[in-house]
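Inside the fold
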Amino acid sequence: MPVDGLDEAQARAELARLAALLDQANRAYYQDDAPEISDADYDSLRQRNAAIEARFPHLMRPDSPSRQIGAAPASGFGKIRHSRRMMSLANAFDPEDVAEFVTGIRRFLGLGGEAALAFTAEPKIDGLSLSLRYEDGYLIHAATRGDGETGEDVTANARAIKDIPQSIADAPELLEVRGEVFMSHEDFAALNAAQAAIGGKTFANPRNAAAGSLRQLDATITAARPLRFFAYSWGSLSQPLAPTQMQALARLRDFGFPINPDTKLCHSTDQMLAHYAMIEARRASLGYDIDGVVYKLDDLALQDRLGQRSTTPRWAIAHKFPAERAWTQLQAIEIQVGRTGALSPVARLAPVTVGGVVVTNATLHNEDYIAGRDSRGQPIREGRDIRVGDWVEIYRAGDVIPKIRDVDPARRPEDAQPYAFPETCPECGSPAIRDPGDSVRRCTGGLICPAQAVERLKHFVSRAAFDIEGLGAKQVESFWRDGWIKTPQDIFTLRDRFGPGQPRQLKNREGWGEKSAQNLFVAIEERRRIPLARFIFALGIRHVGEVSAAMLAGHYGDWQGFRAAMRDAQDPDSPAYAELLSIDGVGAVMAASVLAAFSAESAEIDALADMLTILPAEKPASDSAVAGKIVVFTGTLEKMTRAEAKARAEALGAKVAGSVSGKTDLLVAGPGAGSKARKAAELGVKVIDEDGWLALIGAG
Ligand code: IVH
């Protein structure tokens, strides 16, 4: 009903309904990181609430959504750059994955099945990770994981946690201890009861309670919350802790850190799986949440040899407990349009609790998935399609967006119709087409499509892109709706248009004030200087994620070089095109997508670049003689496997190529080298043997 048609009683009831809905949405968004309604729906609920309050000011509730500002913004904390990246873990879901993890390590290291390998196995705590830096034995700062490279400075809060020593006797000069902050079931229940008693906010689960308690701008609140800590890893050290993981943990325990008592040294895959089964059986009685078991190779020298992929170490894996499941009814299928125009079907569900969290939506992936086929046309769920009204089985496998596992045809309503996937964009009406071989249908409206435009802006300001403090998805949507920001360039003219002295000013906008407006303008100015990799990523080019953007930036070095190359490479017969394709990780699909972006939007991209200072890519962080060099391995390597050689070369900043060309700097040739060695000789490429290589990288 329109707001002006409401009488007082209806308005009161409606305000109560909106307060409950918005509270639920806030929790899902801020506490669970799992939004249940779209940002647009959220805003329209808030607007309706504000409009009713404007008509009936005396009905404004004490808990009115307009009095609330959501959770403490992440931007309230300073940032700390981790001296060594905080890694996450690859996952294993069954015993085969674990066996493959172990054999993969043997293969990488070139070890036979008979060589002994030991692994630690310990519970995977469902909390949040924290890095603690001690210098000369004193805690000097504490940081959350953040994006792995930069976290939030929560030093004052960490000092308030009893399990964390403030100072350590006989510590090495530099010691970074990493571990998990969590809350026990008992403390969680008591906290929620106490919060409920004072009408304060309660938490959906212990992990959210721990996160909410640690990330308090007022550390006295953290001090009053019963947070606990288990140490399980470390960052930079002035000297090694020990030769093995198990002994390193023992040293951390001697320094005063709690170590999980269920950590066990295992000597075979069977022992690892037996320990997993033991921990799983005791899961409910541990008194805190865990979501799996982490296995780590015990020998730290071998860990070093294995190294890491971009975000996960090769020497550890998380063996997750099976996903939590529940059945519920599918109420509607909604289509969301993403920044690249992808039409994503989302299931709206009757609320159901899965593993302690209320779920009201789930991803349906794409139209084939709904129809009961995989991307190759093979049946999934034995070919059963999913229809509105169906009973569906939901699961959550640790990730935030729940998925649909199955559908029950026996409970299908008689009138349920097969779902007709839209062939036009629900946001802009443009045709939505599916390219051959693509499982996704896409809106062809480009930037005409409001959904694509706004999603691209959200991507532009996201954490791995411009990361502008105070300008998140919500603010972008609201500015977009009012026409204040329609393109990335508009962000950088915001102050000229809505700053001091202008007829309409940001500080007078709802939800803003003098200080926050000023802060936003400062934050925007700070981001006029942006590293090349972030800039490329921010453009939101399809197929170009963070890692590819960093590769492109690393290859071309600076904006001018990259821009010129993208101009030249538009010609598929040009050397520039061949060069683009020669970059490790760039295939024809990504190349086409990058070139298309630079052909269709070159004017906008250039106009944007002109407003910014794009910083050249950092040189490889290594001073090794092979940094930046293109290396090819051939023949038999005798001291390490090819995989290890490649990983170590890359870790030192070299690029490893598969074939010899004029660009190759070095060929490492073992016995049996053939055509590649001949080609290298022809092209005058330097050739060395394995010992020469080891000497060059300082491992000889
Ligand atoms: S080891 C380089 N051990 O799980 C190794 N992580 O999914 C880094 N976690 O980010 C992690 N319990 O926050 C490790 N016993 C444990 C853990 C654990 C919980 C968390 C940690 C990590 C995440 C990866």
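This structure is a prediction, so every number in the text was calculated from the model and none was measured. Residue positions are given per chain, counting from 1 as you read along its sequence in written order. Local features in a predicted model are, by the rule used here, given only for residues with pLDDT of at least 70; side-chain atom pairs are given and counted only at 80 or more, and totals for whole chains, interfaces and linings are based on all residues. Note that the side-chain values use all heavy atoms of the structure and ignore hydrogens as well as water.

Around the ligand, a shell composed of 14 residues is seen, among which E122, I125, E180, Y232 and K296 lie nearest. Whenever a nitrogen or oxygen atom comes within 3.5 Å of another N or O atom, the pair is scored as a polar contact, on the condition that within protein one atom can donate a hydrogen and the other can accept it, and that pairs from neighbouring residues in sequence are kept only if both atoms are in side chains. Between the ligand and K124, the relevant distance is 3.2 Å, taken from an oxygen atom to a side-chain nitrogen or oxygen of the residue. Residue Y232 places a side-chain N or O atom 3.2 Å away from an oxygen atom belonging to the ligand. Only the protein chains shown count as cover for residues, and the accessible areas themselves come from Shrake-Rupley with a 1.4 Å probe. When isolated, the ligand has an accessible area of 530 Å², and the protein chains bury 89% of it. Helix numbers and strand numbers start at the N terminus; a helix is a DSSP run of H or I with at least 4 residues, a strand a run of E with at least 2. For the shell around the ligand, the secondary-structure elements that each account for two or more residues are β3 (119-125) and β10 (290-297). At 4 residues, the largest contribution of residues to the shell around the ligand is made by β3. Any residue outside Ala, Val, Leu, Ile, Met, Phe, Trp, Tyr, Cys, Pro, Asp, Glu, Lys and Arg is labelled polar, Gly included; the first ten of those are nonpolar and the last four are charged. For the shell around the ligand, a count of residues per class yields 8 nonpolar, 1 polar and 5 charged. What makes a residue near a molecule or strand is one non-hydrogen atom of that residue sitting within 4 Å of it.

On to the pattern of salt bridges. By definition, a salt bridge exists where a carboxyl oxygen of Asp or Glu is found within 4 Å of a side-chain nitrogen of Lys or Arg. A full pass over the atoms with the stated rule returns 43 salt bridges. The salt bridge partner of K79 is D467, with a shortest N-O separation of 3.5 Å. With K79 in strand β1 (residues 79-81) and D467 in the loop between α12 (450-461) and α13 (473-481), this residue pair connects regions lying 388 residues apart in the sequence. With its nearest N and O atoms 3.5 Å apart, the salt bridge here joins E514 to K507. E514 gets classed as exposed once you look at its relative accessible area, which sits at 56%. Residue exposure (1.4 Å probe, protein chains only): buried if accessible area is under 20% of the type maximum, exposed if over 50%, otherwise partly exposed.

Let us look at unusual backbone geometry. Not every positive phi belongs to a glycine, and R381 is a case in point at roughly 45 degrees. When its relative accessible area of 11% is taken as the criterion, R381 is described as buried. Unusually for a residue other than glycine, D467 sits at a positive phi of about 45 degrees. Look at D467 and you get buried, because its relative accessible area is 17%.

In this section: the confidence of the model for the chain. Within the chain, residue pLDDT values average 90, and 95% of them lie at 70 or more. Taken as a whole, residues 69-74 scores under 50 in pLDDT and shows 7 contacts with residues more than four places along the chain or in a different chain. What pLDDT conveys is the predictor's confidence in a given residue, as a value from 0 to 100. Whether two residues are in contact is decided by their heavy atoms: any pair within 4.5 Å suffices.

Now for the packing of helix α21 (residues 588-600) against helix α22 (residues 602-610). Helix axes use the C-alpha atoms of the stretch in contact, all axes being lines fitted to C-alpha atoms, and the angles between their N-to-C directions lie in the range 0 to 180 degrees. Look at α21 against α22: their axes get within 4 Å of each other, and the N-to-C directions meet at 80 degrees. When the axes of α21 and α22 are compared, the pair comes out roughly perpendicular. Facing α21, whose interface residues are A597, F598, S599 and A600, α22 presents S602, E604 and I605. Tallied by class, residues from the contact of α21 with α22 come to 4 nonpolar, 2 polar and 1 charged. Working rule for angles: under 35 degrees goes down as roughly parallel, over 145 as roughly antiparallel, 65 to 115 as roughly perpendicular, anything else as oblique.

Attention shifts here to the state of the cysteines. Any two cysteine sulfur atoms lying within 2.5 Å of each other are counted as a disulfide. Evaluation of the coordinates by the stated rule reveals 0 disulfides. Among the cysteines around C425, which has no disulfide bond, C443 carries the closest sulfur, lying 3.7 Å off. Overall, the relative accessible area of 6% leaves C443 in the buried class.

The next thing to look at is α22. Taken together, the buried positions of α22 are occupied by I605, L608 and A609. Looking straight down α22, one finds its buried side chains confined to an arc of 100 degrees; they lie on one side. More than 90 degrees from the buried face of α22, the exposed residues found are A603 and D610. Buried residues along α22 sit against α12, α14 (488-492), α17 (532-538), α19 (559-568), α21 and β20 (613-615). Directions drawn from the helix axis to the C-beta atoms are what define this arc.

One open sheet holds the 5 strands; their spatial order is β2-β11-β10-β3-β9, and the pairing between them is mixed. Each end of this open sheet is capped by a strand with a single partner; those strands are β2 (91-92) and β9 (264-266). Examined bridge by bridge, β3 and β10 share 7 bridges and lie antiparallel to one another. Each bridged residue has a counterpart across the sheet, and for A121 the counterpart in β10 is Y295. Set on the sheet, helix α9 (residues 269-282) makes contact with β3, β9, β10 and β11 (316-320); between it and β10 the angle comes to about 155 degrees. Paired strands, in this sense, are two strands between which DSSP finds at least two bridges.

In plain words, nonpolar cores are sets of buried Ala, Val, Leu, Ile, Met, Phe, Trp, Tyr and Cys residues tied together by side-chain atoms within 4.5 Å. One finds F535 and L552 to be the most contacted residues of the largest nonpolar core, which totals 60 residues. Excluding residues within four positions of it along the chain, L552 makes contact with I536, V544, F562, L580, I583, V586 and V594.

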